[in-house]
Every structure is written in structure tokens, then in C-alpha cells.
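# Fold and contact review
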Amino acid sequence: MSDEDTPNAVELATELTIAWLGNPNNRASVDDVPAFLEKMHATVTELAQGTSAAQATEDAASQPEYTPAVGARKSLASKDHIISMIDGKPYKTLRRHLSGHGLTPEQYRERYNLKADYPMVAETYSAARREMAMKIGLGQKGRQAKAAASAAAPTAKRGPGRPKKA
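Okay, so let's go over this structure. Keep in mind that this is a model prediction, so the values were computed, not measured.

Enumeration over the complete set of coordinates arrives at two aromatic pairs. With a centroid separation of 5.4 Å and 70 degrees between ring planes, the pair formed by tyrosine 108 and tyrosine 112 is classed as edge-to-face. Both residues of the pair, tyrosine 108 and tyrosine 112, belong to the buried class. Taking 6.4 Å as the distance between ring centres and 50 degrees as the angle between the ring planes, the aromatic pair formed by tyrosine 108 and tyrosine 118 counts as tilted. Of this pair, tyrosine 108 sits in helix H6 (residues 105-111) while tyrosine 118 sits in the loop between H6 and helix H7 (123-136), and the two are ten residues apart along the sequence. Relative accessible area serves as the criterion here: at 5%, tyrosine 118 is assigned to the buried category.

The following block contains the structure:
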């Protein structure tokens, strides 16, 4: 192809913008037109230079490297708290802190290459909560109901049918 056969990027972007604006289904204000034209020109120029959209999306999709504020060992050094790798501050539980940063525990573990069993709650806090739950009897009603049902099962009444002869 010669230079005369290849369209000018500005002319092509202008023609595409005019076609887009000419469509009655598209509504744009006067202020939006220059920005749209610039974006269209940049896209046409990229395509003309041979840079593919796939490369651009791969670059955008590649996640940035996150450097932890502390190491994994140091974050778990104390039984009283867990040090966050995001900001280096101690927390008894990380769940609320992570949700404030838009992360789930799984995403946090993945971001900092932590094992699946990395705790989200400090050891002493977990023990205190467990002790409190046992003290108030959480989970006991279900066990008591199962025990009562198993004890009552052998003495249950006979089902429907003829009564026994005397």
C-alpha cells in the first residue's frame, strides 16, 4: 500500500465521529464531542500503528504488585492481634478492616500470597469469644434436642393400624 491509499488518522476519526453523531439513537452534548473525537483519534492511531487492543487490555488487566507492610511471620507474631499487611496496624479481627478496603479474606490471602489457613482473627480474641459462647450455651440446644429425640425414639407409639388384641 502506498501513503495515498492509507487514510489519515484524523480524517478517519472525524468520519467515524460524524457517523456516530449522525445516529439518532446516540445523544451527546456539545461539550462531549471534542473528548469523543480525541478518543476516537487515539484509537484509530493505535490501530494504525499495529498495537492491538488485546495488548492494551492485558496491560490494564495485569494487577499491580502489592508490597506488604510487614511479613507474614511478623503479622502473626503476637497472639493478641494480627498486623495488617495493608497498613501495618494491629487488629483483633481483619474482616471489617478488609471490607473497608474492598477485599474479602480470600482476595487478601491471594494478594499477599498467603496460605489458605492464614487466620483472620487473633488467637486470644478467638479463645475469648469461644469461652463466652460456651458460657452462654450457644450450640447446646441442638445437642439437647438430638439427645432427647434419640432417647424418645424407642418408646414412640405404634403407627396407624389395627390395635393389639388384649
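Here H7 spans 20 Å end to end across 14 residues, near enough to the 20 Å set by a 1.5 Å rise per residue. Phi for glycine 137, located one or two positions after H7, is positive at around 85 degrees.

Think of it this way: side chains of opposite charge can pair up when their charged atoms draw near. Applying the stated criterion across every chain yields a total of one salt bridge. Notably, a salt bridge pairs lysine 79 with glutamate 123, separated by 3.9 Å at the nearest N-O pair. Remark: glutamate 123 occurs in helix H7 and lysine 79 occurs in the loop between helix H4 (72-75) and strand S1 (82-83); sequence separation between them is 44 residues.

With that out of the way, let us pick up the packing of helix H1 (residues 9-22) against helix H2 (residues 32-49). In contact at an axis separation of 9 Å, H1 and H2 are set at 130 degrees when each is read in the N-to-C sense. Taken together, the axes of H1 and H2 lie oblique to each other. The element H1 and its partner H2 pack so that their crossing is right-handed. Side by side, H1 and H2 meet where Ala9, Val10, Leu12, Ala13, Thr14, Leu16, Thr17, Trp20 and Leu21 of the first sit next to Val33, Phe36, Leu37, Met40, His41, Val44 and Thr45 of the second.

Between its first and last C-alpha atoms H2 spans 26 Å; for 18 residues at 1.5 Å apiece the expected length is 26 Å, and the two agree. Downstream of H2 by one or two residues, glycine 50 has phi in the positive range, about 95 degrees.

With that settled, the discussion passes to the environment of alanine 69. With respect to the element layout, alanine 69 can be found in the loop between helix H3 (53-61) and H4. The partly exposed category is assigned to alanine 69, whose relative accessible area is 43%. Along the chain, alanine 69 and methionine 85 lie 16 residues apart, while their C-alpha atoms are 4.8 Å from each other.

Analysis parameters
Residues numbered from 1 in each chain as written. Predicted model: local features only at pLDDT ≥ 70, side-chain atom pairs only at ≥ 80, totals over all residues. Heavy atoms only, no water. Phe/Tyr/Trp six-rings, centres within 6.5 Å; stacked < 30°, edge-to-face > 60°. Buried < 20%, exposed > 50% of the residue type's maximum accessible area, 1.4 Å probe, protein only. Helix = DSSP H or I, 4+ residues; strand = E, 2+ residues; numbered from the N terminus. Expected span 1.5 Å × (residues − 1). Salt bridge = Lys/Arg side-chain N within 4 Å of Asp/Glu carboxyl O. Axes fitted to C-alpha atoms, helices over the stretch in contact; angles between N-to-C directions. Parallel < 35°, antiparallel > 145°, perpendicular 65-115°, else oblique. Left-handed = near helix turned anticlockwise from the far one by under 90°. Contact = heavy atoms within 4.5 Å.

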